[in-house]
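Structural characterization, general
Okay, here's what each chain looks like letter by letter:
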Amino acid sequence: MPTSRVITWEVSESKGIETAWTEFGGAVLRARGRAVGTTPEPYWVSYELDTGDRFVTRRLSVGVDSAGGMRTLDLRHDGAGRWTANGERLPDVDGALDCDLGLCPLTNTMPVLRHGLHRAPGERELLMAWVSVPDLTVLPSRQTYTHLEPGRIRFVSGDFRSDIEFDDDGFVLDYPSLARRLR
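Read on for an overview of the structure. The shown structure was predicted, so the numbers you read here are calculated from the model rather than taken from an experiment. (Residues numbered from 1 in each chain as written. Predicted model: local features only at pLDDT ≥ 70, side-chain atom pairs only at ≥ 80, totals over all residues. Heavy atoms only, no water.)

Our next topic: the overall build of the protein. In terms of regular secondary structure, the protein is built from 1 helix and 15 strands. Computed over the C-alpha atoms, the radius of gyration of the protein is 15 Å, within 12% of the 16 Å expected from 2.2 N^0.38 for a compact globule of 183 residues. Judged by the C-alpha coordinates and their principal axes, the protein covers about 45 × 40 × 35 Å. Among the 183 residues that make up the protein, the fraction classed as buried is 50%. Of the accessible surface of the protein, which amounts to about 8800 Å², a share of 49% is contributed by carbon and sulfur atoms. One way to put it: in the protein the 22 positive side-chain charges average out to a point 3 Å from where the 27 negative ones average out. (Helix = DSSP H or I, 4+ residues; strand = E, 2+ residues; numbered from the N terminus. Rg over C-alpha atoms; globule rule 2.2 N^0.38 Å. Buried < 20%, exposed > 50% of the residue type's maximum accessible area, 1.4 Å probe, protein only. Areas by Shrake-Rupley, 256 points an atom, 1.4 Å probe, with all protein chains shown as cover. Lys, Arg positive; Asp, Glu negative; His and termini not counted. Charge placed at Lys NZ, Arg CZ, Asp CG, Glu CD.)

Here it is, written out as structure tokens:
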């Protein structure tokens with residue numbers, strides 16, 4: 001039986017707020033979310049995330065409304081390591097298991113849960129299909145997640161580094177410089 005949660009974050013990086021309605025259990029996560037931000041420009045985001053077994057992304061559907069207009073993205077993973085965006089192949093992210101929606105603390109959950117990094121020692125270097133917000137460009141992103149202590153993980157991508165606090169279910173509590181959960 002899946003567990004349902006509603007989680008809201010203050011997203012300092014975008015000077016906004018995000019709420020995600022989640023269902024998780026049996027190594028599967030489904031979520032829908034809404035976010036509003038004012039940086040880099042005022043925008044609204046709506047998304048739906050669906051993972052398969054082991055929290056591997058199957059689909060991320062995103063809509064953005066901003067001064068640049070309305071944009072949509074239908075990002076899909078075929079289960080064999082290949083990705084498409086709005087039906088077009090994305091060979092630069094082949095092999096990635098996860099998407100990472102920019103400015104969204106929810107999408108840090110999948111690799112953390114898959115590898116149990118919020119509970120046990122370990123380090124994983126991963127390739128992600130990173131989605132830039134608000135323009136919805138999909139780019140490859142190398143990211144490293146390192147367990148520091150229960151509930152605390154160091155995240156590194158390029159020159160960026162942050163020690164993120166997670167709850168017992170693997171959801172972000174505090175992501176310094178990005179977001180903090182509202183209670």
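Right, picking up where we left off after that structure.
As a further point, take empty space enclosed by the protein. Summed over all chains, the structure comprises 1 cavity of 30 Å³ or more. Considering only enclosed or pocket space, the largest cavity measures out at about 80 Å³ in volume. Together, 14 residues line the largest cavity, and Glu-18, Ala-35, Tyr-43, Gly-102 and Leu-103 are the ones closest to its centre. No other element matches the 3 residues that strand β4 (residues 43-51) contributes to the lining of the largest cavity. Residue composition of the lining of the largest cavity, by class: 11 nonpolar, 2 polar and 1 charged. (1 Å grid on protein atoms, 1.4 Å probe; cavity = no way out; pocket = protein on both sides within 12 Å on 5 of 7 lines; lining within 4 Å. Points joined across faces, edges and corners; volume = space filled by probe spheres on them. Nonpolar A, V, L, I, M, F, W, Y, C, P; charged D, E, K, R; others polar.)

As a further point, take the pairing of strand β2 (residues 16-25). Note: strand β1 (residues 3-11) against β2, 9 bridges, orientation antiparallel. Bridge pairing in β2 places Glu-10 opposite Ile-17. The antiparallel pairing of β2 with strand β3 (residues 28-37) creates a hairpin that spans 2 residues between the two strands, and Gly-26 there sits at a positive phi of about 60 degrees. (Pairing = 2+ DSSP bridges.)

What follows is about unusual backbone geometry. Here Thr-39 and Pro-40 are connected by a cis peptide whose omega angle stands at 10 degrees. Within the secondary structure, Pro-40 sits in the loop between β3 and β4. One non-glycine residue, Leu-136, lies in the positive phi region at around 65 degrees. Relative to the helices and strands, Leu-136 resides in the loop between β10 (123-131) and β11 (138-149). The exposure class assigned to Leu-136 is buried, which follows from its relative accessible area of 8%. For Ser-177, which is not glycine, the phi torsion reads 75 degrees and is therefore positive. By relative accessible area, Ser-177 is classed as partly exposed at 45%.

Before going further, it helps to examine the layout of surface pockets. If you add up the space inside the largest pocket, you get close to 430 Å³. For the largest pocket, the lining is made up of 20 residues, of which Gly-102, Leu-103, Trp-130, Tyr-175 and Leu-178 are closest to its centre. Going through the elements one at a time, β9 (98-101), β11 and β12 (152-157) are the ones with two or more residues in the lining of the largest pocket. Within the lining of the largest pocket, the residues separate by chemical class into 10 nonpolar, 8 polar and 2 charged. Size it by volume and the second largest pocket reaches roughly 260 Å³. Lining the second largest pocket are 15 residues, with Trp-21, Arg-30, Ala-31, Arg-32 and Leu-49 positioned closest to its centre. Contributions of two or more residues to the lining of the second largest pocket are made by β1, β2, β3, β4 and β5 (57-66). Across the lining of the second largest pocket, the residue classes tally to 5 nonpolar, 3 polar and 7 charged.

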